[in-house]
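For reference, the chains in residue letters:
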Amino acid sequence: MADTTDDRGVWSGKLAFILAAAGSAVGLGNIWRFPTEAASHGGGAFLLLYLVFAFLIGFPVMMAEMTIGRNTRKNPVGAFSFLTGGNKLYILIGAWGVLCGIMILSYYTVVAGWTFSFVFEELFHFMGFGGLSAWFGDTSSGLNNAIFSVLFMAATITIITGGVAEGIEKATKTLMPLLLLILVILIGYVLTQEGSMKGLSQYLTPDIGKIDTEVIFAAMGQAFFSLSLGMGAIITYGSYLPKRENIAGAAAYVTLFDTGIAFLAGLLIMPAMFVAQSNGITIFADGGLKAGPALIFQVLPNMFHNLGGVWGMIFGVGFFLLLSIAALTSTISLLEVVTAYAIDEHGVQRKKAAMGVGSGILLISLIISFNINLISTLDLVFSSIGLPLGGFLICLFLAYKWGPENAMEEIRQGYAAFDQSLVRKAWPIFIKVIAPLAILYNLLSTLYGAF
Ligand code: TRP
């Protein structure tokens, strides 16, 4: 392996790491998927379950990934190889993670491209160029999808080429506060509009009657995807974490940040839907609230257009910028996993690795651009099934191969009071029993539902 130590990099400090990991976690999953899942699954009831899963399952698994990463200082493949003396079977867990990273990034890039394309849709609408506005707003146009996938991947590669401290860290340090600011301003605006209180009450009043097994699984899957767990993204980010930092604390902050942003996004989207309704826009379809692309790319743009004028443009552009920023800090984490793999395992120089891997994945994105119906299948295989599967295997690996004692030896570094903490008592039980069982249950039911 050539001299690649410089190409690995290290976070400048705790805040940098937390922001970057939170940037990975906060994405389209929070601002788009969470609110609509909540909308279709009993509002507050879903919120409650999601919070329970994020903290009871997500948080322990996140600690597990961070610990594996920091202990091995490697990408997922290298990490499992290092801890098992090159055992092929265990390396497969890491390889599966890298594959999921490649595939999730390939379609995530296309969807991220849509969100950026809509920044222009809103701008041109405001300027009165209806034709142009419609072109940028056409998510079924292969050419449009391809152009914006290229743009988005280029931005992602540029940041990853800069490395850990100069690239990822600098980008997330600027983008995350900006994201929070735009989000809060948009919420402030929406809550003053007519109809918003109806959405608010639907979001915050738990309809316990709506809780059934399907809702439970949806909430757990959402927590997993949203926290970027199960494929080694957090292993990779953890591998740049200095020994002096507290893993349990960092994982807690990232979980809080991610769930906090999801909660705030719900405060924006749910009321916005009912504001749109009071503007005469249809927000129900197939017996439920509109969700997914129909919500994000029809209901909301309609609402912004209805508002009209400079303010309509400002809020429309602001909203799609918000989505683009959230997506960008997530795509960089996905590309970083594959880049770190190429650097560590194949001795490729960072710049070459980022460009090579990024362009390769872009080719898949281009195919998807012209065949967007592939997205739901890819999402099912590599996210809904792939991530819980990866998380399940990570738990089993840590609990029964590497051993919680070894892992806790790593956690102790940077956490002096660890042995007196509640985390010390509870974490091993969650990793050995509760999380794997819960994930397995979720996984089997997803498989059962899918086939
Ligand atoms: N968590 C991101 C979101 O909510 C998506 C994401 C980024 C992701 N990196 C990941 C999901 C790694 C799983 C694994 O949109």
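The structure we're discussing is the one just above.
A. Spotlight on the overall build of the protein. Along its length, the protein carries 19 helices and 2 strands. Computed over C-alpha atoms, the radius of gyration of the protein comes to 21 Å, within 12% of the 22 Å expected from 2.2 N^0.38 for 451 residues, which places it in the range of a compact globule. A principal-axis box enclosing the C-alpha atoms of the protein has dimensions of 60 × 50 × 40 Å. In the protein, which comprises 451 residues, the proportion classed as buried is 59%. Element-wise, carbon and sulfur atoms account for 68% of the exposed surface of the protein, whose accessible area totals about 16700 Å².

B. Expanded view of empty space enclosed by the protein. This structure, assessed with the given rule, holds 2 cavities of 30 Å³ or more. Taken as a whole, the largest cavity holds about 160 Å³ of empty space. Looking at the largest cavity, it is lined by 18 residues, and the ones nearest its centre are Ser 24, Tyr 108, Phe 225, Ser 228 and Leu 334. Looking at the lining of the largest cavity, the elements that each hand over two or more residues are helix H2 (14-25), helix H3 (28-40), helix H6 (88-127), helix H11 (213-226) and helix H15 (309-346). Tallied by class, the residues present in the lining of the largest cavity amount to 10 nonpolar, 8 polar and no charged. Empty space within the second largest cavity amounts to approximately 30 Å³. Lining the second largest cavity, in full, are Pro 76, Phe 80, Ile 93, Gly 94, Gly 97, Gly 230, Met 231, Gly 232, Ile 235, Gly 390 and Ile 394. Looking at the lining of the second largest cavity, the elements that each hand over two or more residues are helix H5 (76-84), H6 and helix H17 (374-402). Per element, the largest residue contribution to the lining of the second largest cavity is 3 residues, and it comes from H6. Residues of the lining of the second largest cavity, tallied by class, amount to 6 nonpolar, 5 polar and no charged.

C. Representation of the site of the ligand within the structure. Taken together, 16 residues surround the ligand, and among them Ala 25, Gly 29, Tyr 108, Phe 225 and Ser 228 come closest. At 2.9 Å, a backbone N or O of Ala 25 approaches a nitrogen atom of the ligand. Computed on the free molecule, the ligand has an accessible area of 360 Å², of which 100% lies beneath the protein chains in the complex. Those elements giving two or more residues to the shell around the ligand turn out to be H2, H3, H11 and H15. Split by residue class, the shell around the ligand holds 8 nonpolar, 8 polar and no charged.

D. Summary view of the environment of Thr 446. Counting through the fold element by element, Thr 446 comes out in helix H19 (residues 422-450). As for Thr 446 and Ser 239, which are separated by 207 residues in sequence, their C-alpha atoms are 31 Å apart. In this structure Thr 446 touches Ser 384 and Ile 385, once residues within four positions along its chain are discounted.

E. Fine view of the packing of H5 against H6. Two elements in contact, H5 and H6, have axes whose closest approach is 7 Å; the angle formed by their N-to-C orientations is 170 degrees. The angle between the axes of H5 and H6 places the two elements in the roughly antiparallel class. Taken together, the residues of H6 that come into contact with H5 (itself represented by Pro 76, Val 77, Phe 80, Ser 81 and Thr 84) are Tyr 90, Ile 91, Ile 93, Gly 94, Ala 95 and Val 98.

F. Region of the structure containing the environment of Thr 282. Mapping Thr 282 onto the fold places it in the loop between helix H13 (247-278) and strand S1 (284-285). Note: C-alpha distance between Thr 282 and Gln 298 (16 residues apart in sequence) is 9.7 Å. Thr 282 has contacts with Lys 290 and Val 299, leaving out every residue within four places of it along the chain.

G. Geometry of the nonpolar core. Ile 68, Phe 319 and Trp 427 are the most contacted members of the largest nonpolar core, which has 157 residues in total. A total of 19 residues in this core trace back to one element, the largest contributor, which is H15. In this structure, Phe 319 is in contact with Ile 31, Leu 186, Leu 268, Ile 269, Ile 296, Leu 300 and Phe 304, ignoring residues within four places of it in sequence.

H. Inspection of the pattern of salt bridges at higher detail. Tallied over the entire structure, the rule returns 11 salt bridges. Here the residues in one salt-bridge network are Glu 405, Glu 409, Arg 412, Asp 419 and Arg 424, joined through shared partners.

I. Highlighting unusual backbone geometry. The phi dihedral of Arg 73 falls on the positive side, at around 55 degrees, and the residue is not glycine. Mapped onto the elements, Arg 73 comes out in the loop between helix H4 (44-72) and H5. In this model, Ser 228 sits at a positive phi of 60 degrees, which is unusual for a non-glycine residue.

J. Molecular detail of the side chain of Arg 350. As for its placement among the helices and strands, Arg 350 is situated in helix H16 (residues 350-370). We classify Arg 350 as buried; its relative accessible area is 5%.

K. Broad picture of the layout of surface pockets. Size it by volume and the largest pocket reaches roughly 980 Å³. Every residue lining the largest pocket is counted, 34 residues in all, and those nearest its centre are Trp 32, Arg 33, Glu 37, Asp 379 and Ser 384. Secondary structure elements with two or more residues in the lining of the largest pocket: H3, H6, H11, helix H14 (292-307), H17 and H19. Each residue belonging to the lining of the largest pocket can be placed in one class, and the counts come to 16 nonpolar, 14 polar and 4 charged. There is about 170 Å³ of room inside the second largest pocket. Breaking the lining of the second largest pocket down by element, the ones donating at least two residues are H4 and H19. Looking at the lining of the second largest pocket residue by residue, the classes come out as 10 nonpolar, no polar and no charged.

Here is what the cut-offs are and how they apply
Residues numbered from 1 in each chain as written. Predicted model: local features only at pLDDT ≥ 70, side-chain atom pairs only at ≥ 80, totals over all residues. Heavy atoms only, no water. Helix = DSSP H or I, 4+ residues; strand = E, 2+ residues; numbered from the N terminus. Rg over C-alpha atoms; globule rule 2.2 N^0.38 Å. Buried < 20%, exposed > 50% of the residue type's maximum accessible area, 1.4 Å probe, protein only. Areas by Shrake-Rupley, 256 points an atom, 1.4 Å probe, with all protein chains shown as cover. 1 Å grid on protein atoms, 1.4 Å probe; cavity = no way out; pocket = protein on both sides within 12 Å on 5 of 7 lines; lining within 4 Å. Points joined across faces, edges and corners; volume = space filled by probe spheres on them. Nonpolar A, V, L, I, M, F, W, Y, C, P; charged D, E, K, R; others polar. Near = heavy atom within 4 Å. Polar contact = N/O pair within 3.5 Å; in protein donor to acceptor, adjacent residues only side chain to side chain. Contact = heavy atoms within 4.5 Å. Axes fitted to C-alpha atoms, helices over the stretch in contact; angles between N-to-C directions. Parallel < 35°, antiparallel > 145°, perpendicular 65-115°, else oblique. Core = buried A, V, L, I, M, F, W, Y, C linked by side-chain atoms within 4.5 Å. Salt bridge = Lys/Arg side-chain N within 4 Å of Asp/Glu carboxyl O.

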